[in-house]
Amino acid sequence: MSFDTIFALASGGGRAAVSLLRLSGPGSGAVLDRIAGGRPAPRLASLRRLRHPESAELLDEALVLWFPGPRSYTGEDAAELHLHGGRAVLEGVTAALLACGARPAEPGEFTRRAFLNGRMDLTEAEGIADLIAAETAAQRRQALRQAGGALAVRYAGWAERLTRLLAHQEAAIEFAEDGLPNTLEAEVRREGAALAAEIGAHLADGGRGERLREGLWGAIVGAPNAGKSSLLNALAGREAAIVSARAGTTRDIVEVRLELGGVPVWLADTAGLRETPDEIEAEGVRRARRRAEEADLLIAVFAADQPPDAETLALLAPGTLVVANKTDLAPAPAAIGGQAPIALSARDGEGLAALRAALEAVAAERAGLSEEASLTRPRHRAALGEAAAWIEEAIRAPLPELAAEALRAALRALGRLTGRVGVEAVLDVVFGDFCIGK
Ligand SMILES: Nc1nc2c(ncn2[C@@H]2O[C@H](COP(=O)(O)OP(=O)(O)OP(=O)(O)O)[C@@H](O)[C@H]2O)c(=O)[nH]1
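Everything numeric here is computed off the predicted structure, so don't read it as measured data.

A.B. asks: Just checking my understanding: could you explain the packing of helix 9 (residues 228–236) against helix 12 (residues 352–367) for this structure?
C.D. replies: Closest axis-to-axis distance for the helix 9/helix 12 pair is 11 Å, and the angle between their directions is 80°. With respect to helix 12, the axis of helix 9 lies roughly perpendicular. On the side of helix 9, the interface is formed by L231, A234 and L235, while helix 12 contributes L352, L355, R356 and L359. The class makeup of the residues in the contact of helix 9 with helix 12 is six nonpolar, no polar and one charged.

A.B. asks: Help me out: how do you make sense of the site of the ligand in this one?
C.D. replies: Around the ligand, 24 residues are found, and the nearest of them are K228, S229, S230, G248 and D328. In the environment of the ligand, an oxygen atom lies 2.9 Å from a nitrogen or oxygen atom belonging to the backbone of G227. The separation between an oxygen atom of the ligand and a polar side-chain atom of K228 is 2.7 Å. In terms of residue count, the dominant contributor to the shell around the ligand is helix 9 (three residues).

A.B. asks: Hey, could you run me through the packing of aromatic side chains in this one?
C.D. replies: A ring pair, where both rings are aromatic, is described by two values, the distance of the centres and the angle of the planes. Across all of its chains, the model carries one aromatic pair by this definition. Lying across the ring of Y73, R22 places its NZ or CZ 4.8 Å from the centre. The ring of W266 has R257 sitting right over it, with the charged end atom 5.9 Å from the ring centre.

A.B. asks: Explain the side chain of E210 to me, please; I cannot follow it from the model alone.
C.D. replies: For E210, the location among the structural elements is in helix 8 (residues 208–214). In this view, E210 contacts L375, T376, R377, P378 and R381; residues no more than four positions away in its chain are not counted.

A.B. asks: Even after reading the chapter, I still don't get the environment of D33, so can you show me in this structure?
C.D. replies: With respect to the helices and strands, D33 occurs in helix 1 (residues 28–35). Along the sequence, D33 and P53 sit 20 residues apart, while their C-alpha atoms lie 9.3 Å from each other. There is a polar contact of 2.8 Å between the side chain of D33 and the side chain of R39.

A.B. asks: I'm lost on the UniProt feature "binding site: Mg(2+)" (unreviewed entry) in the protein in this one. Help?
C.D. replies: According to UniProt, the positions carrying the feature "binding site: Mg(2+)" (unreviewed entry) are S229 and T250. Considering the C-alpha atoms alone, the annotated residues occupy 22 residues of sequence yet fold into one spot, their largest mutual distance being 7.6 Å. One can find S229 in helix 9. Here S229 falls in the buried class, since its relative accessible area comes to 9%. In this view, S229 contacts A241, I242, V243, T250 and D269; residues no more than four positions away in its chain are not counted. The exposure class assigned to T250 is buried, which follows from its relative accessible area of 11%. Setting aside residues no more than four positions away along its own chain, T250 makes contact with S229, I242, D269, T270, A271 and G272.

A.B. asks: Can you walk me through the pattern of salt bridges in this structure?
C.D. replies: Should the charged atoms of two oppositely charged side chains come close, the side chains can pair. Applying the stated rule across the entire model yields 28 salt bridges. Among the ionic pairs, E198 bridges to R161, the shortest N-O distance being 3.2 Å. With a gap of 37 residues between them, E198 in helix 7 (residues 184–203) and R161 in helix 6 (residues 150–177) connect regions that are remote in the sequence. Under the relative-accessibility criterion, E198 is labelled partly exposed at 36%. Judged by its relative accessible area of 24%, R161 falls in the partly exposed class.

A.B. asks: Explain the pairing of strand 10 (residues 297–303) to me, please; I cannot follow it from the model alone.
C.D. replies: Taken residue by residue, a regular strand's side chains alternate between the two faces of the sheet. Counting buried positions along strand 10 yields seven of seven residues, so the element is predominantly enclosed. Of the two faces of strand 10, the one holding L297, I299, V301 and A303 and the one holding L298, A300 and F302 are both buried throughout. Relative to strand 10, strand 7 (residues 216–222) is paired through five bridges, and the arrangement is parallel. Residue pairing across strands places G222 opposite V301, the latter belonging to strand 10.

A.B. asks: Sorry if this is basic, but what is going on with the sheet that holds strand 5 (residues 78–84) here?
C.D. replies: The pairing of strands in a sheet happens through backbone hydrogen bonds and is either parallel or antiparallel. Strand order in this open sheet of six strands is 3-4-5-2-1-6, and the pairing throughout is mixed. Every interior strand has two partners, whereas the edge strands, strand 3 (46–51) and strand 6 (103–104), have only one. Here two bridges tie strand 1 (residues 6–9) to strand 6, and the two strands are oriented parallel to one another. Bridged to F7 within strand 6 is P104.

A.B. asks: What am I meant to see in the sheet that holds strand 12 (residues 342–343) here?
C.D. replies: Strand order in this open sheet of six strands is 8-9-7-10-11-12, and the pairing throughout is mixed. What marks the edges here is a single partner per strand, and that holds for strand 8 (254–260) and strand 12. On top of the sheet, helix 9 reaches strand 7, strand 8, strand 9 (263–269) and strand 10; it is set at about 155° to strand 9, its chief contact.

A.B. asks: I'm lost on the confidence of the model for the protein in this one. Help?
C.D. replies: Parts of the model with low pLDDT should not have their predicted coordinates read in detail. Counting all residues, the mean pLDDT for the protein is 89, and 95% of those residues have values of 70 or more. Scored below 50 in pLDDT, residues 429–438 shows 12 contacts in the model against residues more than four places distant or in partner chains.

A.B. asks: Help me out: how do you make sense of the nonpolar core in this one?
C.D. replies: Across soluble globular proteins, nonpolar side chains show a tendency to be buried alongside one another. One finds L162, I199, L384 and L414 to be the most contacted residues of the largest nonpolar core, which totals 31 residues. Elements that contribute at least two residues to this core include exactly helix 6, helix 7, helix 13 (378–396) and helix 14 (400–418). The leading source of residues in this core is helix 14, at nine residues. Apart from residues lying up to four places away in sequence, L162 is in contact with L195, I391, L407, A410, L411 and L414. By size, the runner-up hydrophobic cluster in this structure holds 30 residues, among which are L258, V263, V323 and L344.

A.B. asks: Would you take a moment to explain the side chain of E109 for this structure?
C.D. replies: Structurally, E109 can be placed in helix 3 (residues 109–116). With a relative accessible area of 11%, E109 lands in the buried category. Filtering out sequence-adjacent residues up to four positions away, E109 remains in contact with I6 and R103.

Cut-offs and rules
- Residue numbers here run from 1 along each chain, matching the order of that chain's written sequence.
- Reporting of local features is limited, given that this is a predicted model, to residues whose pLDDT is at least 70; pairs of side-chain atoms are given and counted only at 80 or more, and all residues count toward the totals for whole chains, interfaces and linings.
- For side-chain calculations, the full set of non-hydrogen atoms in the structure is used, while hydrogens and water are omitted.
- Only the stretch in contact is used when a helix axis is fitted, and all axes are lines through C-alpha atoms; the angle between N-to-C directions ranges over 0 to 180 degrees.
- For the purposes of this entry, the term helix denotes a DSSP run of H or I that reaches at least four residues, the term strand denotes a run of E that reaches at least two, and both are numbered from the N terminus.
- When an angle is under 35 degrees it counts as roughly parallel; over 145 it counts as roughly antiparallel; between 65 and 115 it counts as roughly perpendicular; any other value is oblique.
- Pairs of residues are marked as contacts when any of their non-hydrogen atoms sit within 4.5 Å.
- When residue character is reported, Ala, Val, Leu, Ile, Met, Phe, Trp, Tyr, Cys and Pro are called nonpolar, Asp, Glu, Lys and Arg charged, and the others, Gly included, polar.
- We call a residue near a molecule or strand whenever a single non-hydrogen atom of that residue lies within 4 Å of it.
- The term polar contact refers here to a pair of N or O atoms within 3.5 Å; inside protein, the definition further demands a hydrogen-donor-capable atom paired with an acceptor-capable atom, and it admits residues adjacent in sequence only when both atoms are side-chain atoms.
- Note on aromatic pairs: the rings of Phe, Tyr and Trp (six-membered ring only in Trp) are paired at centre separations within 6.5 Å, and the planes decide the class, stacked below 30 degrees, edge-to-face beyond 60, tilted for the rest.
- A positively charged side chain is recorded as over a ring if its NZ (Lys) or CZ (Arg) lies within 6 Å of the ring centre. The angle to the ring normal must also be within 35 degrees.
- UniProt positions are given in the numbering used here, feature names are shortened, and annotations may be inferred rather than shown by experiment.
- Here the term buried applies to any residue with accessible area under 20% of the maximum for its type, exposed to any over 50%, and partly exposed to those in between, with areas from a 1.4 Å probe on protein chains only.
- Note on definitions: salt bridges are taken to be side-chain nitrogens of Lys or Arg within 4 Å of carboxyl oxygens of Asp or Glu.
- Only strands that DSSP links by at least two bridges are regarded as paired with each other.
- A score from 0 to 100, pLDDT tells how confident the predictor is in each residue.
- Residues grouped as a nonpolar core are buried Ala, Val, Leu, Ile, Met, Phe, Trp, Tyr and Cys residues, joined through side-chain atoms within 4.5 Å.

What follows is the structure in structure tokens.
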């Protein structure tokens, strides 16, 4: 593969102590020869004077690293320049790199090259993107695991087993043509069922990996004046929503971002649930109901000094956290909607810690790190679902040729997931050492 030589600022922009410029491509070594007076020993930092290749003007004194391919991030010749972090330095060195024929990289281009050079599969590349985007410790752990190949290894294992099944299915077809008895087909069915069950178990994880990556959707619902906005503000630790004694204050959805036990949560305050002739408020109530339906994490707030309202009771579902607020005015009832409420006073903070603990437990249950690596994107779910369905299809196929075709389709679905398996290429390898005496 012949590529351009690309460069990009790998550290953040703006004035800083150090800026990191990264370079990759076949011309990287020549660039160092021209601007840094040669290539340092591989993978060892070396202090160099950087000069413009034409004017020879001194641009910076910088740490230079040289990573000859294929043992580099991208798999190609690559280099790093640790510059002083001023804007003029960066501009001068950028001009020097352009003069050497290198070009600015596109977003994601370094990792794209790493993938194309076989340094990682698609799920590992996604893990690196997630690691850069991670905002909580649990997100970081999940991303590190994926970038480290936890999904890649598992999916590659499945692809390999599937390839073997396909090879056996093809062999069974050959045996049948030769009129030989064989047990290969029964084996394909048995193994196929085991594989489909394993993929099914991996898929039946309640979407925790996807939720941890994207954040949980939370909502606070309740009657007007129950204290929803006060509760949101107390949880957020700031005055995000307007609190007022006037019922129907919150009309639209007000959202804050919280971190609950390492899981990011988008928690929404919603309009108080009631019948209202006010058109705008009625739209707010509709939005509140919709948000409650979509929520992964629902908090239903009742005022302890009022009887529980039917509108909010109707939204209670398994897993809903029921809160009795304003316990400074009246004691919490023993049960609301069949469950013991968390007693709380949003006004003086009483009971807030217990609510937070309950919320963290729910967040951990729905989106906490599982022991085994979870899939993290809808793309993964779709491809694996497709692969499992094709395997089932193969098991049920009335003709061996159709079974083989379905197994091939399953492999293609897995191949799309990892970006790795070219079905024909794998078959070449397998058939290369698969001896059926022919
Ligand atoms: N005594 C007492 N008053 C509270 C408590 N929580 C909220 N309030 C008061 O109840 C009133 C309504 O509070 P909000 O937080 O605006 O209630 P809301 O449920 O968001 O109301 P809507 O926006 O109308 O749906 C305000 O006057 C708050 O100060 C509490 O724990 N104790």
